[in-house]
Amino acid sequence: VTVALVLAVALAVGVVVVVAWPFLREPEPVSDELVEPTPEAQRRLELAEDRDRALSALKELEFDHRTRKITDEDYRAQVGPLRREASAALRALDEGRDVRPTGEPEG
Amino acid sequence: MPELGRAALLIALGLCAYAAVAGTAAALQRRRRLAQSAQNALVAAFAATAVAAAVLVVALLRNDFSFVYVAQTTSRELATGYTLSAFWGGQEGSLLLWLLVLTGYGTLAVRLNRSWIPDLVVWAVPIFAVVAGFFAFLVVGVASPFETQPAPLDGAGMTPSLQNPYMLAHPPLLYLGYVGLTVPWAFAMAALISGHTDERWIVATRRWTLLAWTCLGIGQLLGAHWAYVEVGWGGYFAWDPVENAALMPWLAATAFLHSVMIQEKRGMMKVWNVLLVILAFELSLFGTFLTRSGVVNSIHSFTQSSIGPWFLFMICVTVAASLALVMWRLPLLRSPTRLESPISREAAFLYNNLLLLAICLAVLWGVLYPLVSEAVRGEAIVVGRSYYDFFLRAFGLPLLLLIGIGPLIAWRRASLRSLLTTFRWPTSIAVATGALLLVLGFGDSWAGLLTYSFSAFVLTTVAIEFARGTSARRSLGGGSWPRSFASLLGRNRRRYGGYVVHAAVVLLAIGIAGSSAFDSVAEARLKRGDSMRIEDYTLTYRSLDERQTANATEIRATLGVERDGKDLGSLKAGKNAYSVEQQVSNEVGIRSDRFTLEDLFVIAEQVDPDGTVYFRVFVKPLVNLIWFAGLVFVLGAVIAMWPDAREQRQQALRARELGLPATP
């Protein structure tokens, strides 16, 4: 029996313990089910992303206007639709419905 | 201890197989403990690989030539640093390093994200395990670093050109980059399989992609400097297939880092982003295949080996699986948002992506064409520098200009009046720069002139962005200029870090244009006392010395250097003859001017027995900007990667609001 063999066996035993640890620690768990977002939570997450995107676009527009990247006229022309978009996204999240055009796939 | 190394790798292979099978079963059956067990198997695979790596390091340090790998890559005379670098200097060791980094990255990425995106991590684990299992299979069954033999008295030594300090950092950085691109790919595939194609996979992998991209970029730059000071041909990038192999995934990752911003800001280009992640990952595998299969002749590549078909198999399987997943989830990836105007920030990003991809595909064809030609017609055709230079000019110059144009245009759409306002200063300065350089006699190279003018455009844009942003922050929050500047950086690290990276790319472009379009070369055979001239320099060959070091005979010619009659000291250039490796290398002499940033670069091409030396001398203007660009690049990347407290708060708020697990 060589030192290398002893170390290899020790390594093998160690990894078996590590891999089996979740079962050794909880032999009879109350629930063994994976926690995952429900389809409803997933949909609300995507709506929240839409809302944050719309709010971020408004902030970006404000900053671009302040740094003179866009003129006053462009700012006035864009801020209205962006506010409406943000407001619709907020409303959709509150009501739990999708504001995207009907017939369009989600995503 | 080769038995321990072999056993550790066998254990790692078993663990990867278990993590792949158990991880898939856990994800399909939604079994929590089995998923945790699969995660633990990935961690244990990293530990087992680390044991194998430690065995190889010990063998290298002890000059244990009973290991075939140690005997083939080192010798007793080799300095300790280079002996350690032999870990990645040969085929088998470099594959082991791939496995070590991959299992390490996988472990860390899974551990950091498992609490807030468990639905993605549960699929990412088997995906990591499949890729790691492939590399574990290679080092167990195809190219083991633990093959043994009766120990010879000494090893074969290391290729002389690899005996350079850059080799201690250049290959590991490239591996960190190549392997790092597995992380965004694994999470993107996990998002596709789970059907959860929201932005969480992007948030989770953004810094990993940036880290991989930074390592790949710096690794290439260090490789370029190594080629410059060590290989001794007078250049830093030769469009060698293996150099191209590292460039291609970097270009694809650059495109992804830009286009992912369109997805974040506008919810567009989800399919495109996933395709770019797949492309970057596959190109990293392809690069590894090129280096290790022996299909190309390169100074960087390893010898002919049997691992090529296995790599091709893996590339085909992962490409097919990735594309099948994209097709399957296409309805989830379609976006209702459309491009509002061809003159908008997102359109500029799109053009940038197309140009980056065009360069990437041109380089890919340049690499593939000789292989296809040899396979079909039986003759290997070398794709020369002119091919790459043509595409670099055709796509690279517009890309350089776009780096400056993009930040000037607003999202969604920009009016002509806005454009006239924002473009006024950068355009004026670019035109003035071009006109001034033309007057000063830089009109010989139109590509060089355009590069300088476009660079002036981009640098002005970057300066204006910082100045206006700081001014806006100051007017919003008050306070001093430095405080407003810091606040600007802190509030949008990725954007302003990105601008610093843009400045680095400009410095790189100026350095490349200066040193390649406006360089000079002179050649002469000199006897002692003879002189030669190049530009304003006069070089006088003074003496030839020979000395014996531990593993080489060093011959150095000493040249006196004068510029416009002023003595600038001396320069040494010569050759090293390595006794064990039976090879001779060029040892170039370089004198850098810290004010003009140009180099005087001397190669002693041929040293005759009578002491006559044939010298080739270059003057390379602005070449040092290339290396300086690397420092600026790292600074920009660090700013962009630095954790953003505001963004983390927003993520946490969103998660709390929706009752989802909190972000880390």
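Heads up: the structure comes first, above all this text.
Conventions and cut-offs
Residues numbered from 1 in each chain as written. Chains lettered and ligands numbered in written order. Predicted model: local features only at pLDDT ≥ 70, side-chain atom pairs only at ≥ 80, totals over all residues. Heavy atoms only, no water. Helix = DSSP H or I, 4+ residues; strand = E, 2+ residues; numbered from the N terminus. Rg over C-alpha atoms; globule rule 2.2 N^0.38 Å. Buried < 20%, exposed > 50% of the residue type's maximum accessible area, 1.4 Å probe, protein only. Contact = heavy atoms within 4.5 Å. Areas by Shrake-Rupley, 256 points an atom, 1.4 Å probe, with all protein chains shown as cover. Patch = residues over 30% accessible without salt bridge, like charges linked within 9 Å, V, L, I, M, F, W, Y side chains within 5 Å. Salt bridge = Lys/Arg side-chain N within 4 Å of Asp/Glu carboxyl O. Buried area = accessible area lost by both parts, 1.4 Å probe. Polar contact = N/O pair within 3.5 Å; in protein donor to acceptor, adjacent residues only side chain to side chain. Nonpolar A, V, L, I, M, F, W, Y, C, P; charged D, E, K, R; others polar. Pairing = 2+ DSSP bridges. Axes fitted to C-alpha atoms, helices over the stretch in contact; angles between N-to-C directions. Parallel < 35°, antiparallel > 145°, perpendicular 65-115°, else oblique. Left-handed = near helix turned anticlockwise from the far one by under 90°.

**Student:** Is there a simple way to explain the overall build of chain B in this structure?
**Tutor:** Within chain B, the secondary structure is distributed over 21 helices and nine strands. Rg of the C-alpha trace for chain B: 27 Å, near the compact-globule value of 26 Å for 664 residues, within the 12% margin. Viewed in the frame of its principal axes, chain B has a C-alpha envelope of about 80 × 75 × 55 Å. Looking at the 664 residues of chain B, the share that counts as buried comes to 60%. At a minimum sequence separation of 6, the contacts of chain B that also span at least 24 residues come to 71%. About 25,900 Å² of surface is accessible on chain B, with carbon and sulfur atoms providing 64% of the total.

**Student:** Just to check I follow, could you spell out a nonpolar patch on the surface for this structure?
**Tutor:** Residue and element names in this part refer to chain A. Residues Leu5, Val9, Val13, Val17, Trp21 and Leu24 make up a contiguous nonpolar surface patch of roughly 560 Å² in combined accessible area. Tracing the backbone shows valine 17 in helix α1 (residues 3-25). On the basis of relative accessibility, which here comes to 39%, the residue valine 17 falls in the partly exposed class.

**Student:** Just checking my understanding: could you explain the interface of chain A and chain B for this structure?
**Tutor:** When the parts come together, some accessible area is lost, and that loss is often what is quoted as the size of the interface. Between chain A and chain B, the contact holds 59 residues from the first and 70 residues from the second. In total, about 5,500 Å² of surface goes out of reach between chain A and chain B, with carbon and sulfur atoms giving 55% of it. Its largest share of buried area at the contact with chain B, chain A owes to Leu34, Arg53 and Lys69 of chain A, together 13% of the area lost on that side. The interface formed by chain A and chain B includes 10 salt bridges. Between the two partners, chain A and chain B, sit 26 residue pairs in polar contact (both at pLDDT 80 or more). Residue assignment for the side of chain A that touches chain B shows that the elements contributing at least two residues are α1, α2 (39-66) and α3 (72-95) of chain A. The dominant element in the side of chain A that touches chain B, judged by the number of residues it contributes, is α2 of chain A, at 17 residues. Grouping the amino acids of the side of chain A that touches chain B by side-chain chemistry returns 28 nonpolar, seven polar and 24 charged.

**Student:** Any chance you could explain helix α18 (residues 481-491) of chain B here in plain terms?
**Tutor:** Counting along an α-helix, one turn takes 3.6 residues, and residues three or four places apart therefore face a common direction. Restricting attention to buried positions, one finds in α18 of chain B the residues Ser484, Leu488, Leu489 and Gly490 of chain B. With a side-chain oxygen lying 3.3 Å from the backbone nitrogen of arginine 483 of chain B, the N-terminal cap of α18 of chain B falls on serine 480 of chain B.

**Student:** Would you explain the sheet that holds strand β7 (residues 589-592) of chain B in this entry?
**Tutor:** Through backbone hydrogen bonds, the strands of a sheet pair up, either in parallel or in antiparallel fashion. Residues and elements named next belong to chain B. One open sheet accounts for four strands, arranged β1-β9-β8-β7; its pairing is antiparallel. On the outer flanks of this sheet lie β1 (520-526) and β7, each paired with one strand and no other. Here the average twist between neighbouring strands, direction ignored, is 15°. As defined by bridge partners, strand β8 (residues 599-607) adjoins strand β9 (residues 613-620) across eight bridges and the pair is classed as antiparallel.

**Student:** What is the right way to look at the pattern of salt bridges in this model?
**Tutor:** Oppositely charged side chains can form a pair if their charged atoms are brought close together. Per the counting criterion, the structure on display carries 31 salt bridges over all chains. For the salt bridge of lysine 69 of chain A with glutamate 465 of chain B, the shortest nitrogen-to-oxygen distance reads 2.9 Å. Linking lysine 69 of chain A in the loop between α2 and α3 with glutamate 465 of chain B in helix α17 (residues 446-477), this pair reaches from one chain into another. Residues aspartate 593 of chain B and arginine 563 of chain B are paired through a salt bridge, measuring 3.1 Å at the closest nitrogen-oxygen approach. Placement of aspartate 593 of chain B in the loop between β7 and β8 and of arginine 563 of chain B in strand β4 (residues 552-563) is noted, with a sequence separation of 30 residues between them. Look at aspartate 593 of chain B and you get buried, because its relative accessible area is 13%.

**Student:** Would you mind showing me how to read the packing of helix α5 (residues 91-113) of chain B against helix α8 (residues 182-194) of chain B here?
**Tutor:** The description of two packed helices rests on the angle between their axes and on the distance between the axes. Residues and elements named next belong to chain B. For the pair α5 and α8, the least separation of the axes is 10 Å and the interaxial angle reads 50°. Relative to α8, α5 is oriented oblique. For the pair α5 and α8, the sense of crossing is right-handed. The segment α5 lies against α8, with Trp98, Leu102, Tyr105, Ala109 and Asn113 engaging Thr182, Val183 and Phe187. Residue composition of the contact of α5 with α8, by class: six nonpolar, two polar and no charged.

**Student:** How should I be thinking about the sheet that holds strand β5 (residues 566-578) of chain B in this particular structure?
**Tutor:** Residue and element names in this part refer to chain B. Taken in spatial order, the five strands line up as β2-β3-β4-β5-β6 in an open sheet, and their pairing is antiparallel. Both outer strands of the open sheet, β2 (531-534) and β6 (583-587), are each paired with one neighbouring strand and no more. The mean angle between the axes of side-by-side strands here comes to 25°, regardless of whether they run parallel or antiparallel. Note that β2 and strand β3 (residues 537-548) share four bridges and pair antiparallel. Bridging from a neighbouring strand, isoleucine 534 pairs with tyrosine 537 of β3.

**Student:** Got a minute to help me understand unusual backbone geometry in this structure?
**Tutor:** Among all residues save glycine, negative phi is the norm, and among peptide bonds the norm is trans. Residue and element names in this part refer to chain B. The phi dihedral of tryptophan 239 falls on the positive side, at around 55°, and the residue is not glycine. Checked against the element boundaries, tryptophan 239 lands in the loop between α9 (200-231) and α10 (241-266). Phi at aspartate 564 takes a positive value of approximately 50°, unusual for a residue other than glycine. You can see aspartate 564 is positioned in the loop between β4 and β5. Given a relative accessible area of 61%, aspartate 564 falls into the exposed group.

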